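The chain contents come next:
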Amino acid sequence: MFFLILIFGLIALGAIGLGNSLKIVKQYERGVVFRLGRVTEEPKRPGMTAIIPFVDKLEKVNLQIITMPIPAQEGITRDNVTVRVDAVIYFKVDDPRRAIVDVENYQLAVGQVAQTSLRSIIGQSELDDLLTNRERLNQGLAIMIDSPAVDWGVHIDRVEIKDVALPESMKRSMSRQAEAERERRSRVIIADGEFQASNKLAQAASAMADTPAALQLRLLQTIVEVASEKNSTLVLPFPVELLRFLEGNTPKAATASAEDVPVGTSSSNSTGAAANASLSATFGAKDTEHSLDDLSGMVRALSDSMRLNETMHLPASIKLPGMENDTATSGSAAANDKKTPA
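Residues numbered from 1 in each chain as written. Predicted model: local features only at pLDDT ≥ 70, side-chain atom pairs only at ≥ 80, totals over all residues. Heavy atoms only, no water.

Caption draft 1: Structural detail: the pairing of strand β7 (residues 82–93). Bridge count for strand β6 (residues 66–76) against β7 is 9 bridges, and the pairing is antiparallel. Bridging from a neighbouring strand, glutamate 74 pairs with arginine 84 of β7. The turn linking β6 back onto β7 is made up of 5 residues, and asparagine 80 within it adopts a positive phi angle of 60°. Bridging between β7 and strand β8 (residues 154–165) involves 10 bridges; their strand directions are antiparallel. What sits directly across from valine 85, in β8, is valine 164. (Pairing = 2+ DSSP bridges. Helix = DSSP H or I, 4+ residues; strand = E, 2+ residues; numbered from the N terminus.)

The following block contains the structure:
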């Protein structure tokens, strides 16, 4: 009976020892063996491996990429703006032996280094860099964390800044700045459009100056556009070409009337008769007197502003209102010249 119990005891001890000696290492793991407290050989490869019970101790190290969030760190940027920045770090173990032997807890060590490095990056950067140039900051942060992590057998894969929390006052200031920038762009665009339009109008004016008929066509087109709106009132400008028409037709009518004047009639009467005949043929005999007065006032007003006395070149037989004084003055001057001895 004693021997039977002893045999069962030995079998149980053998099973326990066999269970402790056989270990399974997964594909993404490596096993570091400590024999009596010392690392004896290279890490165990994935699969089943055997160790000496009660002598060897196997510790498994995960080689997968670990994602670790970095808590939000509050700091002051180089341009004196208080911000809160949080990030995330991706790293993995390259050397399982050093990750177990050289550092107590490599995950905690990496997290602490990441926080201090993030604070340093905040102090060295400006607010605009944190908002717009994150790629460069991410690279600099990864280099800062990777420098001590290399000695621990850990490789920093990448670091990403997730969010930058700004004070409410800074957000309002940035919104006003963005609004002012958009207003500036809109004004520049409007001014550029006005400048281009002025150039085109100058070119159009030059073309119309070379071709007077184009101005008349444009006038007719404007009249058509105004008339299409079904307005009851239509305002027509007084074209300068009408004065040119009167300039071309008035001397001929005056000359023809002067030839029909009887002998002994004064030049002033003949001039009036010629003008009356011309206006009678144009406007009718009924409104001749009123038309002559209106035409005289119109020509006198336009002659003051446009100096039509020099441009129309009217003959001496036609005297417009306001020219009598000039004629008398010139006559007296000529008489004085004749009286003066040579």
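Having seen it, we continue.
Caption draft 2: Fine view of the pattern of salt bridges. One pass over the full model with this rule turns up 11 salt bridges. One salt bridge connects aspartate 56 with arginine 35, and the closest N-O pair in it is separated by 2.7 Å. With aspartate 56 in strand β5 (residues 56–62) and arginine 35 in strand β2 (residues 29–35), this residue pair connects regions lying 21 residues apart in the sequence. The class for aspartate 56 is buried, based on a relative accessible area of 10%. Across the pair arginine 78 and glutamate 126 runs a salt bridge, and its minimum N-O distance is 3.5 Å. In this pair, arginine 78 is assigned in the loop between β6 and β7 and glutamate 126 in the loop between α3 (106–124) and α4 (127–132), connecting sequence segments 48 residues apart. (Salt bridge = Lys/Arg side-chain N within 4 Å of Asp/Glu carboxyl O. Buried < 20%, exposed > 50% of the residue type's maximum accessible area, 1.4 Å probe, protein only.)

Caption draft 3: Examining the pairing of β2 more closely. Here β2 lies mainly inside the structure; 6 of its 7 residues are buried. Relative to β5, β2 runs antiparallel, the two sharing 7 bridges. Residue pairing across strands places valine 33 opposite leucine 58, the latter belonging to β5. Sheet topology note: the β2/strand β3 (residues 38–39) ladder contains 2 bridges and is antiparallel. What sits directly across from phenylalanine 34, in β3, is valine 39.

Caption draft 4: Just a nonpolar patch on the surface, in detail. On the surface, Phe2, Phe3, Leu6, Leu10, Leu13, Ile16 and Phe54 cluster together into a nonpolar patch covering about 870 Å² of accessible area. In this fold, phenylalanine 3 is placed in helix α1 (residues 2–21). (Patch = residues over 30% accessible without salt bridge, like charges linked within 9 Å, V, L, I, M, F, W, Y side chains within 5 Å. Areas by Shrake-Rupley, 256 points an atom, 1.4 Å probe, with all protein chains shown as cover.)

Caption draft 5: Just the packing of α3 against helix α5 (residues 134–149), in detail. The geometry of α3 relative to α5 is characterised by a closest axis approach of 9 Å and an angle of 140° between their N-to-C directions. One finds that α3 runs oblique with respect to α5. Here the hand of the crossing between α3 and α5 comes out right-handed. Seen from α3, the contacting residues are Val113, Ala114, Ser117, Leu118, Ser120 and Ile121; seen from α5, they are Leu137, Gly140, Leu141, Met144, Ile145 and Pro148. (Axes fitted to C-alpha atoms, helices over the stretch in contact; angles between N-to-C directions. Parallel < 35°, antiparallel > 145°, perpendicular 65-115°, else oblique. Left-handed = near helix turned anticlockwise from the far one by under 90°. Contact = heavy atoms within 4.5 Å.)

Caption draft 6: A look at the nonpolar core. Among the nonpolar cores identified, the biggest contains 37 residues, and Val83, Ile89, Phe91, Tyr106 and Ile156 are the most heavily contacted of them. Residue assignment for this core shows that the elements contributing at least two residues are β2, β6, β7, α3, α4, α5 and β8. Non-local contacts of phenylalanine 91, meaning those with residues more than four positions away in its chain, are made with Gln64, Ile65, Ile66, Met68, Tyr106, Gln107, Val110, Val154, His155, Ile156 and Asp157. (Core = buried A, V, L, I, M, F, W, Y, C linked by side-chain atoms within 4.5 Å.)

Caption draft 7: Fine view of the sheet that holds β5. Strand order in the open sheet formed by 3 strands is β3-β2-β5, with antiparallel pairing between adjacent strands. Single-partner strands in this sheet number two, and they are β3 and β5.

Caption draft 8: Representation of unusual backbone geometry. Positive phi, normally seen in glycine, also occurs at leucine 36, with a value near 55°. Looking at where leucine 36 falls in the secondary structure, it is placed in the loop between β2 and β3. In this model, asparagine 80 sits at a positive phi of 60°, which is unusual for a non-glycine residue. With respect to the helices, strands and loops of the structure, asparagine 80 is situated in the loop between β6 and β7.

Caption draft 9: Quick peek at the sheet that holds β8. Here 3 strands make up an open sheet; going across it, the order is β6-β7-β8 and the pairing antiparallel. Looking along the sheet, the strands with just one partner apiece sit at the ends: β6 and β8. Shown here is a sheet whose adjacent strand axes are inclined to one another by a mean of 25°, direction ignored. Across the face of the sheet, α3 comes into contact with β6, β7 and β8 while running at roughly 35° to β6. The strands touched by α5 within the sheet are β7 and β8, with β8 carrying the most contacts at an inclination of about 140°.

Caption draft 10: Summary view of the confidence of the model for the protein. Confidence in the prediction of the protein, expressed as mean pLDDT, is 74, and 66% of residues score 70 or more. Model confidence for the protein, summarised as mean pLDDT per element, is weakest for helix α11 (residues 308–312) at 43 and strongest for β7 at 92. The low-confidence segment residues 252–272 (pLDDT under 50) makes 13 contacts with residues lying over four places distant or belonging to another chain. When the criterion is pLDDT under 50, residues 281–290 qualifies, and its contacts beyond four places in sequence or with other chains add up to 6 contacts. (pLDDT = per-residue confidence, 0-100.)

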